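# Chain and residue survey
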Amino acid sequence: MAELDDIIHQPLRLKIMAALNALPTTAAGLEFSRLKKLTGATDGNLGAHIETLAKAGYVSVDKAFVGKKPQTTVTATAAGRGAFARHVATLQEIIAGKQV
Amino acid sequence: MIDSKQAASALAEIDDIVQRVRQSRIYDLASQMMIMWGVLVFVANIATWLWPREAYYYWLAVYVLGIAGSFAISAANQASTGVRSFDMRVLLAFLMFVAFGFLCAHVLGHFTPRQQGAFWTIYFMLFYALAGLWFGTAFVVIALAITALTLVGYFFVTGDAFLPWMAVVNGGGLIVGGLWMRRS
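Residues numbered from 1 in each chain as written. Chains lettered and ligands numbered in written order. Predicted model: local features only at pLDDT ≥ 70, side-chain atom pairs only at ≥ 80, totals over all residues. Heavy atoms only, no water.

### Some remarks on the packing of helix 3 (residues 32-39) of chain A against helix 4 (residues 43-55) of chain A
If you want to describe how two helices pack, look at the angle between their axes and the distance between the axes. Residues and elements named next belong to chain A. The geometry of helix 3 relative to helix 4 is characterised by a closest axis approach of 10 Å and an angle of 105° between their N-to-C directions. Between helix 3 and helix 4, the angle falls in the class roughly perpendicular. Across from Phe-32, Leu-35, Lys-36 and Thr-39 in helix 3, the residues of helix 4 making contact are Asp-43, Leu-46, Gly-47 and Ile-50. Split into classes, the residues belonging to the contact of helix 3 with helix 4 amount to 4 nonpolar, 2 polar and 2 charged. (Axes fitted to C-alpha atoms, helices over the stretch in contact; angles between N-to-C directions. Helix = DSSP H or I, 4+ residues; strand = E, 2+ residues; numbered from the N terminus. Parallel < 35°, antiparallel > 145°, perpendicular 65-115°, else oblique. Contact = heavy atoms within 4.5 Å. Nonpolar A, V, L, I, M, F, W, Y, C, P; charged D, E, K, R; others polar.)

### Topic: the pairing of strand 2 (residues 59-66) of chain A
Residues and elements named next belong to chain A. Sheet analysis places strand 2 next to strand 3 (residues 69-76), joined by 8 bridges and oriented antiparallel. Bridge assignment links Val-66 to a residue of strand 3, and that residue is Lys-69. Connecting strand 2 to the antiparallel partner strand 3 that follows it, the hairpin turn spans 2 residues, and Gly-67 within it adopts a positive phi of roughly 70°. (Pairing = 2+ DSSP bridges.)

### Structural notes on the nonpolar core
If you look at the biggest cluster of nonpolar residues, it comprises 35 residues, and the most contacted ones within it are Met-34, Trp-37, Trp-120, Tyr-128, Phe-139, Leu-174 and Met-181 of chain B. Where this core is concerned, the elements lending two or more residues are helix 1 (4-50), helix 2 (55-81), helix 3 (88-108), helix 4 (113-135), helix 5 (137-156) and helix 6 (162-183) of chain B. In terms of residue count, helix 1 of chain B provides more of this core than any other element does, 10 residues in total. In contact with Trp-37 of chain B, not counting residues within four places along its chain, are Val-62, Tyr-63, Gly-66, Ile-67, Ser-70, Phe-94 and Leu-174 of chain B. If you look at the next biggest cluster of nonpolar residues, it comprises 34 residues, including Leu-12, Leu-14, Leu-46 and Val-59 of chain A. (Core = buried A, V, L, I, M, F, W, Y, C linked by side-chain atoms within 4.5 Å. Buried < 20%, exposed > 50% of the residue type's maximum accessible area, 1.4 Å probe, protein only.)

And the structure:
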């Protein structure tokens, strides 16, 4: 029986992973500011949850300067995409009644 | 373990975010193209106002530069998103759209320069409004605003002032609309 992924299951982390997974694998990821807008999270909250996902190896974080402005880009890793796909499959199984 | 209601709620949350990401990427790309076309249309209207004899060359240049610019923006976005947005099919659709407009304005009808200024703007805004039915209400809002202001100019702005009016309404409208769409 498949288990829900505790790291992804937290509501904000689920939103972050859903947003990153919506991009093609070849895409460069999402900027922190764009992710903040999409999830409706605060800076501190979003940063903390991205760190949790990064520690689990589900996302990679790239920091760079564009001109003089710092820019943080978050990208789903292959492991993160796999974990997210399994998490979604488990949710679908629960709805289908295969798990109680 | 969670129950099926909570699971359905989580999946709905995922669908909602996926839709928002998709729309955000469409708006991002469309805003770049809109700003580029806005600059071209603004310049062409002002040039037509100042030197009306060469108007056809300016508008031909707008189409050539606009298509080339659309390909360039699409290629630049493809590098970062992996998705090709302006391809040969879109180009053909665009050319058919322009050909039909040409048929209406020059063959079936013989529009005056003033009528053409209003017609082409409203005709392109129809395209934006239709796109909005699939890709987001911002397209519809921009199309309706530019169409309404074009009609105001057509009926109430007299003489040569119509061209600078159209430069601001059509060119400026696309630029402002593109900037607004980028923030949406």
